[in-house]
Amino acid sequence: MGCLESLDEKELITKAKQGNKYCLNLLLQDNYKIVYGFLIKLTGDTHLSQDLVQETLLKATLNINKFKEECKFSTYLIQIAINTHKNYLRKNKIREKHDSLEIELSYNGESKIVNHLKFKEAIKYLQDMPYEKRTSFILKHYYGYSIEEISKILDVSQGTTKSRIHKTVKKLKDLLS
């Protein structure tokens with residue numbers, strides 16, 4: 001099985017669609033941290049994020065044959081994660097605001113502590129912003145997606161995406177200064 005680890009993403013996807021569970025598992029393992037990190041930034045809650053990641057990966061596993069390879073596999077997983085989170089909010093009648101921010105990171109050194117505090121403060125402010133602005137900002141600034149990619153993921157125009165990101169950046173600058 002060692003030779004399978006050298007396959008690129010496209011080959012892994014092809015084999016996973018053909019029923020190769022090992023290749024599917026490699027794809028999921030390779031993208032776990034991306035999806036988990038995205039959900040932590042989106043929800044601000046590590047426990048909820050863990051649950052949502054598991055549900056996201058399960059949905060991706062069950063629907064691997066629906067993946068249309070028009071984007072990276074990580075983008076596909078993030079789309080599933082967004083929908084899973086929206087369903088969670090709807091099901092639990094939550095109005096997109098979380099009371100707790102549980103990001104557990106350990107840092108050494110004064111500058112790292114200051115950066116950690118600024119990061120936590122920025123994440124806290126993001127939690128108070130509307131879902132669409134928060135999601136657009138996270139995809140752009142934490143994951144490096146292009147405006148075009150974000151527009152496709154969220155199914156909105158590029159102008160709307162640019163506007164959301166610009167307003168979020170402006171608001172964060174005001175709040176953090």
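Residues numbered from 1 in each chain as written. Predicted model: local features only at pLDDT ≥ 70, side-chain atom pairs only at ≥ 80, totals over all residues. Heavy atoms only, no water.

Undergrad: Outline the overall build of the chain, listing residues and values.
TA: Within the chain, the regular secondary structure consists of eight helices and zero strands. Helices (α) and strands (β) of the chain occur, in sequence order from the N terminus, as α-α-α-α-α-α-α-α. Counting the 177 residues in the chain, one finds 40% classified as buried. (Helix = DSSP H or I, 4+ residues; strand = E, 2+ residues; numbered from the N terminus. Buried < 20%, exposed > 50% of the residue type's maximum accessible area, 1.4 Å probe, protein only.)

Undergrad: Can you explain the packing of helix H4 (residues 73-91) against helix H6 (residues 131-141)? Please cite residues and give values.
TA: In contact at an axis separation of 13 Å, H4 and H6 are set at 155° when each is read in the N-to-C sense. When the axes of H4 and H6 are compared, the pair comes out roughly antiparallel. The crossing of H4 and H6 is right-handed. Seen from H4, the contacting residues are Ile78, Ile82, His85, Lys86 and Leu89; seen from H6, they are Tyr131, Arg134, Thr135 and Leu139. The class makeup of the residues in the contact of H4 with H6 is five nonpolar, two polar and two charged. (Axes fitted to C-alpha atoms, helices over the stretch in contact; angles between N-to-C directions. Parallel < 35°, antiparallel > 145°, perpendicular 65-115°, else oblique. Left-handed = near helix turned anticlockwise from the far one by under 90°. Contact = heavy atoms within 4.5 Å. Nonpolar A, V, L, I, M, F, W, Y, C, P; charged D, E, K, R; others polar.)

Undergrad: Pulling in residues and values, what's your account of the confidence of the model for the chain?
TA: Per-residue confidence for the chain gives a mean pLDDT of 82; residues scoring 70 or more make up 81%. Within the chain, no element has a lower average pLDDT than helix H5 (residues 110-127), which sits at 64, and none a higher one than helix H3 (residues 46-62), at 94. Within the model, pLDDT remains below 50 along residues 96-111, and this stretch shows 30 contacts once partners closer than five positions in the same chain are excluded. (pLDDT = per-residue confidence, 0-100.)

Undergrad: Quick rundown of the pattern of salt bridges? Include the residues and the values.
TA: A side chain of one charge can pair with a side chain of the opposite charge if their charged atoms are brought near each other. Taken as a whole and judged by the stated rule, the model has five salt bridges. Notably, a salt bridge pairs Glu69 with Lys10, separated by 3.9 Å at the nearest N-O pair. Here Glu69 is found in the loop between H3 and H4, whereas its partner Lys10 is found in helix H1 (residues 9-17), with 59 residues between them in sequence. A residue is classified by how much of its surface remains accessible, and Glu69, at 30% relative accessible area, is partly exposed. Judged by its relative accessible area of 56%, Lys10 falls in the exposed class. In this structure, Lys170 engages Asp174 in a salt bridge whose closest nitrogen and oxygen atoms are separated by 3.6 Å. Of this pair, Lys170 and Asp174 both sit in helix H8 (residues 158-176), four residues apart, which is roughly one turn of that helix. Note on Lys170: relative accessible area 47%, which makes it partly exposed. (Salt bridge = Lys/Arg side-chain N within 4 Å of Asp/Glu carboxyl O.)

Undergrad: Talk me through the packing of helix H2 (residues 21-43) against H4; I want residue IDs and the actual numbers.
TA: Contact geometry for H2 and H4: axes closest at 9 Å, N-to-C directions at 40°. Between H2 and H4, the angle falls in the class oblique. For the element pair H2 and H4, the recorded crossing hand is right-handed. Facing H2, whose interface residues are Leu27, Leu28, Asn31, Ile34, Val35, Phe38, Leu39, Leu42 and Thr43, H4 presents Phe73, Ser74, Leu77, Ile78, Ala81, Ile82 and His85.

Undergrad: If you had to explain the side chain of Ser136 to someone new, which residues and values would you point to?
TA: On the secondary structure map, Ser136 appears in helix H6. Of note is the side chain of Ser136, whose polar atom sits 2.8 Å from the backbone oxygen of Glu132. Excluding residues within four positions of it along the chain, Ser136 makes contact with Ile150, Leu154, Arg164 and Ile165. (Polar contact = N/O pair within 3.5 Å; in protein donor to acceptor, adjacent residues only side chain to side chain.)

Undergrad: Report on unusual backbone geometry, specifying residues and quantitative values.
TA: The backbone of Glu69 shows a phi angle near 50°, a positive value even though the residue is not glycine. The phi torsion at Asp155 lies on the positive side, around 55°, for a residue other than glycine. Position of Asp155 relative to the elements: it lies in the loop between helix H7 (147-154) and H8. For Asp155, a relative accessible area of 69% gives the class exposed.

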